[in-house]
Amino acid sequence: MTKKDKSCILVTGGAGFIGSHLCEYLLRSDHKVVCVDNFNNFYDPGIKEQNISALMNNEDFSLVRADIRNRAGMAEIFEENNPDLIIHLAAMPGVRPSIIDPFHYYDVNVNGTLTVLETMRRFNVSRMIFASSSSVYGNNAKIPFSESDPVDNPISPYASSKRACELLCSTYHSLYRFEISCLRFFTVYGPRQRPDLAIHSFTNKIIDDRPIQIYGDGNSFRDYTYIDDALQGIGNSISRLKGFNIYNIGESRKVLLSEVIETIEDALGKKAIKEFLPFQAGDVNATYADISKAMRELDYKPSFDFKKGIAEFIRWKLGRGF
Ligand SMILES: NC(=O)c1ccc[n+]([C@@H]2O[C@H](COP(=O)([O-])OP(=O)(O)OC[C@H]3O[C@@H](n4cnc5c(N)ncnc54)[C@H](O)[C@@H]3O)[C@@H](O)[C@H]2O)c1
């Protein structure tokens, strides 16, 4: 493929945890990448600068510091770069903070997504992959969670904002025949993981001899997805983008919170100081993905063993991690 033929993929939120890995992955797969990020301060923006620093000299990579809610700014970016596909990751993440500031979460996540979709319509771009979340399932009684399960009871503004975005994507498919896949990620982890997420925050606290907070009795469980598997899910969706679809992207494996802590302790060779606290509003008890649809339709085959994934994360953390 000559440089001229390379397709241009616009990644919103490309300086974040998943986004920075995705930009690297797309560049390795011979795409041109435009990363749009506003470097918000949900966590230290310096971390995001560091996430993409190695890409700044890549001639196929360009960074635009912009807010996805800025309609005129987004129009300029589309005009200038003529993207073929949008991978929309920019969002306010996190369940608990969304309860404290729901207006901001809705503004960025829902109005931001609407701005991206409307800009696509104006510039005749019709292909999108959207980062949704397992949180849309709320406290679904049936496990594992399947895409055909009802998702009418999200239990945090973050979760309902992600569901609202899925519905907007479906509307743009039905009005304008956009081809959109919404990927419901189940807790993604690995090098550069967001510092607010449990694996990273537990690790920081254990290293610093600070107590870790365990909400509930440690028997809640999650499906944890290693970053490489999440990238495989996104990558495989690009070539199979057709119509409107929703896919679970997880490992289809239950990991108890107590097991997460033990695995980190083993990898660090150090015990955690544990503080048990009541379960928090907005947190779900369990997540567990039925991934048969993604396996069948996206040829998605997650392969990362949890112990190995944590070992990779800790190796990064003790090496050059933030
Ligand atoms: N990490 C996970 O476990 C997980 C699970 C489910 C869903 N997701 C979703 O995947 C996406 C990426 O998550 P992440 O963990 O990499 O988060 P992240 O916070 O590391 O990345 C999000 C990026 O979006 C940028 N951003 C936020 N608001 C913006 C705006 N208005 N304009 C432009 N850029 C903006 C941020 O600066 C950040 O760099 C998010 O949509 C998140 O909701 C993540």
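Residues numbered from 1 in each chain as written. Predicted model: local features only at pLDDT ≥ 70, side-chain atom pairs only at ≥ 80, totals over all residues. Heavy atoms only, no water.

Colleague: Give a description of the sheet that holds strand 5 (residues 127–133) that names residues and reports values.
Modeller: Pairing within the open sheet is parallel, and its seven strands lie in the order 3-2-1-4-5-6-11. Strand pairing shows two members of the sheet lacking a second neighbour, strand 3 (61–65) and strand 11 (244–249), which therefore form its edges. Adjacent strand axes in the sheet meet at a mean angle of 20° when their direction is disregarded. Pairing between strand 5 and strand 6 (residues 179–185): seven bridges, direction parallel. Within strand 6, the residue paired with Met128 across the bridge is Ile180. Contacts between helix 6 (residues 157–176) and the sheet are confined to strand 5, strand 6 and strand 11, with strand 5 contributing the most and set at about 160° to the helix. Packed onto the sheet, helix 8 (residues 227–239) meets strand 1 (8–12), strand 4 (85–88), strand 5, strand 6 and strand 11 and runs at close to 170° relative to strand 6. (Pairing = 2+ DSSP bridges. Helix = DSSP H or I, 4+ residues; strand = E, 2+ residues; numbered from the N terminus. Axes fitted to C-alpha atoms, helices over the stretch in contact; angles between N-to-C directions. Contact = heavy atoms within 4.5 Å.)

Colleague: Break down the environment of Asn58 for me, with residues and values.
Modeller: Relative to the elements of secondary structure, Asn58 occurs in the loop between helix 2 (45–52) and strand 3. Sequence-wise, Asn58 and Ser29 are 29 residues apart; in three dimensions their C-alpha atoms are separated by 13 Å. A distance of 2.8 Å separates a polar atom in the side chain of Asn58 from the backbone nitrogen of Asp60. (Polar contact = N/O pair within 3.5 Å; in protein donor to acceptor, adjacent residues only side chain to side chain.)

Colleague: Which residues make up the packing of aromatic side chains, and what are the values?
Modeller: Enumeration over the complete set of coordinates arrives at 15 aromatic pairs. With 4.8 Å between their ring centres and 40° between their planes, Tyr137 and Phe145 make a pair best called tilted. Residue Tyr137 is classed as buried on the basis of its relative accessible area, which comes to 3%. With a centroid separation of 5.3 Å and an interplanar angle of 75°, the aromatic rings of Tyr189 and Tyr226 are classed as edge-to-face. One end of the pair, Tyr189, is in strand 7 (residues 188–189); the other, Tyr226, is in strand 10 (residues 225–226), and 37 residues separate them in sequence. An identical accessibility class is assigned to Tyr189 and Tyr226; each is buried. Members of the aromatic cluster, connected to one another through ring pairs, are Tyr189, Tyr224, Tyr226, Phe304 and Phe306. Between the NZ or CZ atom of Arg65 and the centre of the ring of Phe39, over which it lies, the distance is 4.6 Å. (Phe/Tyr/Trp six-rings, centres within 6.5 Å; stacked < 30°, edge-to-face > 60°. Buried < 20%, exposed > 50% of the residue type's maximum accessible area, 1.4 Å probe, protein only. Lys NZ or Arg CZ within 6 Å of the ring centre and 35° of its normal.)

Colleague: Could you give an account of helix 9 (residues 257–268), naming the residues involved and the relevant values?
Modeller: Along its twelve residues, helix 9 runs 17 Å from first to last C-alpha, staying within 8% of the 16 Å computed at 1.5 Å per residue. Elements that come into contact with the buried residues of helix 9 comprise helix 7 (198–207), strand 8 (211–215), strand 12 (255–256), strand 13 (273–277) and helix 11 (306–318). Two residues or fewer after helix 9 comes Gly269, characterised by a positive phi angle close to 65°. (Expected span 1.5 Å × (residues − 1).)

Colleague: Go over the pattern of salt bridges with me, naming the residues and quoting the values.
Modeller: A full pass over the atoms with the stated rule returns 17 salt bridges. Among the ionic pairs, Arg96 bridges to Asp283, the shortest N-O distance being 2.6 Å. With Arg96 in helix 4 (residues 96–100) and Asp283 in the loop between strand 13 and helix 10 (292–298), this residue pair connects regions lying 187 residues apart in the sequence. Take Asp283: its relative accessible area is 14%, and that puts it in the buried class. (Salt bridge = Lys/Arg side-chain N within 4 Å of Asp/Glu carboxyl O.)

Colleague: If you had to explain the side chain of Thr263 to someone new, which residues and values would you point to?
Modeller: For Thr263, the location among the structural elements is in helix 9. Overall, Thr263 belongs to the buried group, its relative accessible area being 8%. Sequence-distant contacts of Thr263, that is, excluding residues within four places in its chain, are made with Phe306, Lys307 and Ile310.

Colleague: Lay out helix 7 with the relevant residues and their values.
Modeller: Across the ten residues of helix 7, seven count as buried, placing the element largely inside the fold. Within helix 7 the residues assigned to the buried category are Ile199, His200, Ser201, Phe202, Thr203, Lys205 and Ile206. Buried-residue contacts for helix 7 involve strand 7, strand 8, helix 9 and helix 11. Once helix 7 ends, the next one or two residues include Asp209, with phi positive near 60°.

Colleague: Go over the site of the ligand with me, naming the residues and quoting the values.
Modeller: Contacts to the ligand come from 30 residues, most closely from Asp37, Tyr43, Leu89, Tyr158 and Val188. The backbone of Asn40 places a nitrogen or oxygen atom 3.3 Å from an oxygen atom of the ligand. A distance of 2.7 Å is found between an oxygen atom of the ligand and a backbone nitrogen or oxygen belonging to Val188. Tallying contributions element by element places strand 5 first for the shell around the ligand, with three residues. Considered class by class, the residues forming the shell around the ligand number 17 nonpolar, seven polar and six charged. (Near = heavy atom within 4 Å. Nonpolar A, V, L, I, M, F, W, Y, C, P; charged D, E, K, R; others polar.)

Colleague: Explain the state of the cysteines residue by residue, including any values.
Modeller: Under the counting rule described, the total for this entry stands at zero disulfides. Free of any disulfide, Cys165 has its nearest cysteine sulfur in Cys169, 6.8 Å distant. Cys165 sits in the buried class, given a relative accessible area of 1%. As a non-bridged cysteine, Cys182 has Cys169 as the owner of its nearest cysteine sulfur, 4.2 Å distant. Take Cys182: its relative accessible area is 0%, and that puts it in the buried class. (Disulfide = S-S within 2.5 Å.)

Don't take any of this as a statement about function, it's just geometry.
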